[in-house]
Amino acid sequence: MIKAILIFNNHGKPRLSKFYQPYSEDTQQQIIRETFHLVSKRDENVYNFLEGGLLIGGSDNKLIYRHYATLYFVFCVDSSESELGILDLIQIFVETLDKCFENVCELDLIFHVDKVHNILAEMVMAGMVLETNMNEIVTQIDAQKKLEKSEPRQHSETPSLLKNKKLIWRGGVHL
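Residues numbered from 1 in each chain as written. Predicted model: local features only at pLDDT ≥ 70, side-chain atom pairs only at ≥ 80, totals over all residues. Heavy atoms only, no water.

Here we take up the environment of His11. One can find His11 in the loop between β1 (2–9) and β2 (14–19). In this structure the C-alpha to C-alpha distance between His11 and Thr70, which are 59 residues apart in sequence, comes to 8.7 Å. (Helix = DSSP H or I, 4+ residues; strand = E, 2+ residues; numbered from the N terminus.)

Take a look at the structure:
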């Protein structure tokens with residue numbers, strides 16, 4: 001089972017964090033820091049998986065990651081997950097992001113965080129892998145975008161208190 005999905009840049013700034021187990025906000029921040037320190041100090045020539053940190057579950061869990069340009073994509077998983085299967089899932093996730101954003105970069109993750117979460121939700125839900133077919137994921141995201149465009153935007157329905165009414169002042173209260 002996938003416990004968490006983290007994306008952070010080369011400086012340790014989180015760009016996406018999705019936890020599939022309940023952790024307090026402080027514990028989540030500690031997990032992100034610990035994971036960054038474990039992953040970032042590793043040499044580029046070593047395997048892309050290692051034993052999980054103490055906060056994410058220790059030796060029963062694994063950190064499986066890929067480093068692309070300025071971003072680390074890290075999946076924290078339990079021992080039942082296949083390392084190669086998760087590496088493939090990371091590759092599919094990155095390729096899907098690249099297809100949806102046309103040459104994805106760190107700024108896309110920052111300014112379109114809702115779309116990134118939607119893409120991730122098409123792939124993983126409650127820590128379980130739902131879909132690995134990139135074309136199917138993109139089709140669902142495009143259908144969602146089409147649906148959003150077809151719906152009229154809902155503007156604030158709160159009527160203005162001053163619209164078409166006189167403002168009456170009585171005893172320090174506007175009526």
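In this section: the packing of aromatic side chains. Tallied over the entire structure, the rule returns seven aromatic pairs. Ring geometry for Phe8 versus Tyr72: centroids 5.7 Å apart, planes at 40°, classification tilted. In this pair, Phe8 is assigned in strand β1 and Tyr72 in strand β5 (residues 71–78), connecting sequence segments 64 residues apart. As far as the burial class goes, Phe8 and Tyr72 line up, both buried. Pairwise contacts between aromatic rings join Phe8, Phe36 and Tyr72 into one cluster. A cation over a ring is seen here: Lys115 above Phe101, with NZ or CZ 5.0 Å from the ring centre. (Phe/Tyr/Trp six-rings, centres within 6.5 Å; stacked < 30°, edge-to-face > 60°. Buried < 20%, exposed > 50% of the residue type's maximum accessible area, 1.4 Å probe, protein only. Lys NZ or Arg CZ within 6 Å of the ring centre and 35° of its normal.)

Once that is clear, we can look at a nonpolar patch on the surface. Where nonpolar side chains cluster on the molecular surface, the patch consists of Leu107, Ile110 and Phe111 and spans about 320 Å² of accessible area. Among the secondary structure elements, Phe111 is positioned in helix α3 (residues 106–111). Of the residues examined, Phe111 reaches a relative accessible area of 62% and is grouped as exposed. (Patch = residues over 30% accessible without salt bridge, like charges linked within 9 Å, V, L, I, M, F, W, Y side chains within 5 Å. Areas by Shrake-Rupley, 256 points an atom, 1.4 Å probe, with all protein chains shown as cover. Salt bridge = Lys/Arg side-chain N within 4 Å of Asp/Glu carboxyl O.)

This paragraph deals with helix α4 (residues 113–123). For α4, every residue scored as buried is listed here: Val116, Ile119, Leu120 and Met123. Each buried residue of α4 sits inside an arc of 95° when the element is viewed along its axis, so together they form one side. (Arc of directions from axis to C-beta.)

Mapping Asp78 onto the fold places it in strand β5. At 5.1 Å, Lys3 is the nearest oppositely charged side chain to Asp78, a buried residue that forms no salt bridge. (Lys, Arg positive; Asp, Glu negative; His and termini not counted.)

Let us look at unusual backbone geometry. A positive phi angle, close to 50°, is found at Ala69, a residue other than glycine. Here Ala69 is to be found in the loop between β4 (61–68) and β5. Overall, Ala69 belongs to the exposed group, its relative accessible area being 70%.

What follows deals with the pattern of salt bridges. Throughout the structure, instances matching the rule amount to two salt bridges. When the shortest N-O distance is used, the salt bridge between Arg15 and Glu106 registers 2.7 Å. Pair noted here: Arg15 is in strand β2 and Glu106 is in helix α3, with a separation of 91 residues, a long-range link. The salt bridge partner of Lys62 is Glu83, with a shortest N-O separation of 3.3 Å. With Lys62 in strand β4 and Glu83 in helix α2 (residues 83–101), this pair connects stretches of sequence that are 21 residues apart. On the accessibility criterion, Lys62 (14% relative accessible area) is buried. Residue classification places Glu83 among the partly exposed positions, given a relative accessible area of 26%.

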